[in-house]
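# Breakdown of the fold
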Amino acid sequence: MSVATLTGGGAPSIWGAAHDVDARRPRSLQTQLGASDTVCGRRAAYIVHGWTPTDHADKRAAILGTFVHHGLLESARTEYRWLVERSVQDDLIRGHVDVVQLDEATAGRLPARHRPAVPADVLTVEDVKTKSTYLWDRVLRYGATAAELRQVLLYAGALYEVGFEDVPGQRYLSRLGPLDIGRVRFRFINRDNGAEHVQEIDFDPRRAAEARWWVERVRETGNPEEMPRDFDGPGLDAICDYCPFRTRCWPGAAPGVPEQTALIHNDADREQALADYVKGHELSSEGNRIKAFARKKLDQSPAGIYGPNKLSWRGGNDEEKDDVEAMVDLHEIADIPVPMRPDADRMVKNLRAAGLPVPRRKTGKKTPRVINIGPA
Ligand code: SF4
């Protein structure tokens, strides 16, 4: 990444520096599978098999997340004396656990200066995730995704089976051996307004074993492209839009043609895609019917919290639009010429009313292709 990227004013963009720093982070240099790479089976397989990334997406949002993340963890370390960014490694994965908050019994096995200011009631492994406002409602409603759960379970599983990695700087932690994990915790931080949402789950070694099985399946794959894609591809899933293997995973589409067309090889594939389309249409029609019915029923309900959902209303104010006549008057008073731009809609009406053809010319662009499916 070049540091010479220039802003409009000619000054170097500060993002050049931020990208360079990010590229030197141990996580960026690591070629082993990290738990955060397990978001998609195929992506994990590309990494396990050492394939070279083909795409370099805009990382600015991710870098901002890293800065917020680092600041919060550092504060938790100095103020709460939580264990932050400590490394774990087992035979499958390597990575850094965001936070481990020791319980009293485990903390008692460490020198006093390494104990947390307030021990947890049970030993807790925490993952801090920064999210944008755009995703916040989803976070509150559904909590961690399956991939996020898998990630924290892999770390917690490694601590449960092995303990902290035996490396300089944390040998005193590795001497604790396997840890009796009681809970995993997600701490979501809204990076636009600082809102915080915590989700806690009892640690279940069987769920950690499932996460390990997922990684084992990836490692057993002979060729990464035998692994199914876990997402629907560029333009449909943001994970794919920003995936470093996007072009490798979805090759060959001509410019302007959706990458997903590569999935249609024959008429049997077309038959299946048409059946999927019809099924999707039926589901969305039914969904729209349920929504429209519920909306009508709720029309006079006051704002408030009802069970798991919060109702609020927007709008209902007097609508305003530009007052053309008043603007013309003001132009005349201020001696500003009134714009006399031709009004295409009015001219079309005039010509039609006069029985004259409306002239048309090609714009050089194509109209969108609209799919049309009916019974055979
Ligand atoms: S492009 Fe999407 S489906 Fe393919 S490896 Fe990346 S995340 Fe997975």
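Being a predicted model, the structure only gives us computed values, none of them experimental. (Residues numbered from 1 in each chain as written. Predicted model: local features only at pLDDT ≥ 70, side-chain atom pairs only at ≥ 80, totals over all residues. Heavy atoms only, no water.)

Once that is clear, we can look at the UniProt feature "domain: PD-(D/E)XK endonuclease-like" (unreviewed entry) in the protein chain. In the numbering used here, UniProt assigns the feature "domain: PD-(D/E)XK endonuclease-like" (unreviewed entry) to residues 123–249. Between the C-alpha atoms that bound residues 123–249 the distance is 40 Å, and the span itself is 43% helix and 18% strand. (UniProt positions renumbered as here; feature names shortened; annotations may be inferred. Helix = DSSP H or I, 4+ residues; strand = E, 2+ residues; numbered from the N terminus.)

What follows concerns a nonpolar patch on the surface. Taken together, the side chains of Leu274, Tyr277, Val278, Ile371 and Ile373 present a nonpolar region at the surface, about 410 Å² in accessible area. Along the polypeptide, Leu274 turns up in helix H12 (residues 267–298). (Patch = residues over 30% accessible without salt bridge, like charges linked within 9 Å, V, L, I, M, F, W, Y side chains within 5 Å. Areas by Shrake-Rupley, 256 points an atom, 1.4 Å probe, with all protein chains shown as cover. Salt bridge = Lys/Arg side-chain N within 4 Å of Asp/Glu carboxyl O.)

Nonpolar side chains tend to gather and get buried jointly when the protein is soluble and globular. Core analysis: the largest hydrophobic core is formed by 48 residues, its most contacted members being Val100, Val125 and Leu159. It is helix H7 (residues 146–161) that provides the largest number of residues to this core, a total of eight residues. Leave out the neighbours within four places in its chain, and Val100 touches Trp82, Leu83, Leu123, Thr124, Leu159 and Phe164. Grouped together as the second largest cluster of nonpolar side chains are seven residues, Leu73, Trp82, Val128 and Ile189 included. (Core = buried A, V, L, I, M, F, W, Y, C linked by side-chain atoms within 4.5 Å. Buried < 20%, exposed > 50% of the residue type's maximum accessible area, 1.4 Å probe, protein only. Contact = heavy atoms within 4.5 Å.)

Turning to the domain arrangement of the protein chain, a few remarks are in order. In many analyses, interface size is given as the accessible surface area lost on bringing the parts together. Looking at the protein chain, the domain boundaries give domain 1 (1–30) and domain 2 (35–248). Taken over C-alpha atoms, the centre of domain 1 sits 25 Å from the centre of domain 2. (Domains from an automatic or database assignment.)

This part covers the side chain of Asp98. On the secondary structure map, Asp98 appears in strand S2 (residues 94–101). Buried charged residue Asp98 carries no salt bridge. Nearest counter-charge: Lys129, at 5.9 Å. Polar side-chain contacts of Asp98 include one of 3.0 Å to the side chain of His69. (Lys, Arg positive; Asp, Glu negative; His and termini not counted. Polar contact = N/O pair within 3.5 Å; in protein donor to acceptor, adjacent residues only side chain to side chain.)

This structure, assessed with the given rule, holds two cavities of 30 Å³ or more. Around the largest cavity sit 14 residues that line it, and Cys40, Cys240, Cys243, Cys249 and Trp250 are the ones nearest its centre. Mapped onto the lining of the largest cavity, the elements with two or more residues apiece are helix H3 (41–48), helix H10 (238–241) and helix H11 (246–249). A total of three residues in the lining of the largest cavity trace back to one element, the largest contributor, which is H3. Looking at the lining of the largest cavity residue by residue, the classes come out as nine nonpolar, no polar and five charged. Taken as a whole, the second largest cavity encloses approximately 40 Å³ of empty space. (1 Å grid on protein atoms, 1.4 Å probe; cavity = no way out; pocket = protein on both sides within 12 Å on 5 of 7 lines; lining within 4 Å. Points joined across faces, edges and corners; volume = space filled by probe spheres on them. Nonpolar A, V, L, I, M, F, W, Y, C, P; charged D, E, K, R; others polar.)

Empty space within the second largest pocket amounts to approximately 830 Å³. Around the second largest pocket, the lining is made up of 19 residues, and of these Pro258, Gln260, Thr261, Ile264 and Ala273 lie nearest the centre. A class-by-class count of the residues in the lining of the second largest pocket yields 13 nonpolar, two polar and four charged.

Right, let's talk about unusual backbone geometry for a bit. At Glu85, a position not held by glycine, the phi torsion is positive, near 55 degrees. Within the secondary structure layout, Glu85 lies in strand S1 (residues 83–89). By relative accessible area, Glu85 is classed as partly exposed at 37%. In this model, Asp335 sits at a positive phi of 60 degrees, which is unusual for a non-glycine residue. Looking at the secondary structure, you find Asp335 in the loop between helix H13 (324–333) and helix H14 (344–353). According to the relative accessible area criterion, Asp335 is exposed, its value standing at 70%.

Close to the ligand lie Cys40, Arg43, Arg229, Ile239, Cys240, Cys243, Arg246, Cys249 and Trp250, which account for all nearby residues. Of all the cavities here, the one that holds the ligand is the largest cavity. Of all the elements in the fold, those that place two or more residues in the shell around the ligand are H10 and H11. Classifying every residue of the shell around the ligand by side-chain character gives six nonpolar, no polar and three charged. (Near = heavy atom within 4 Å. Sits in = over half its atoms within 2 Å of the grid points.)

Take the sheet that holds strand S5 (residues 196–202) next. If you trace the five strands from one edge of the open sheet to the other, you get S1-S2-S3-S4-S5, paired in mixed fashion. Two strands bound the open sheet, and with one partner strand each, they are S1 and S5. Put simply, the sheet's adjacent strands are angled 35 degrees from each other on average, direction ignored. Examined bridge by bridge, S1 and S2 share six bridges and lie antiparallel to one another. (Pairing = 2+ DSSP bridges. Axes fitted to C-alpha atoms, helices over the stretch in contact; angles between N-to-C directions.)

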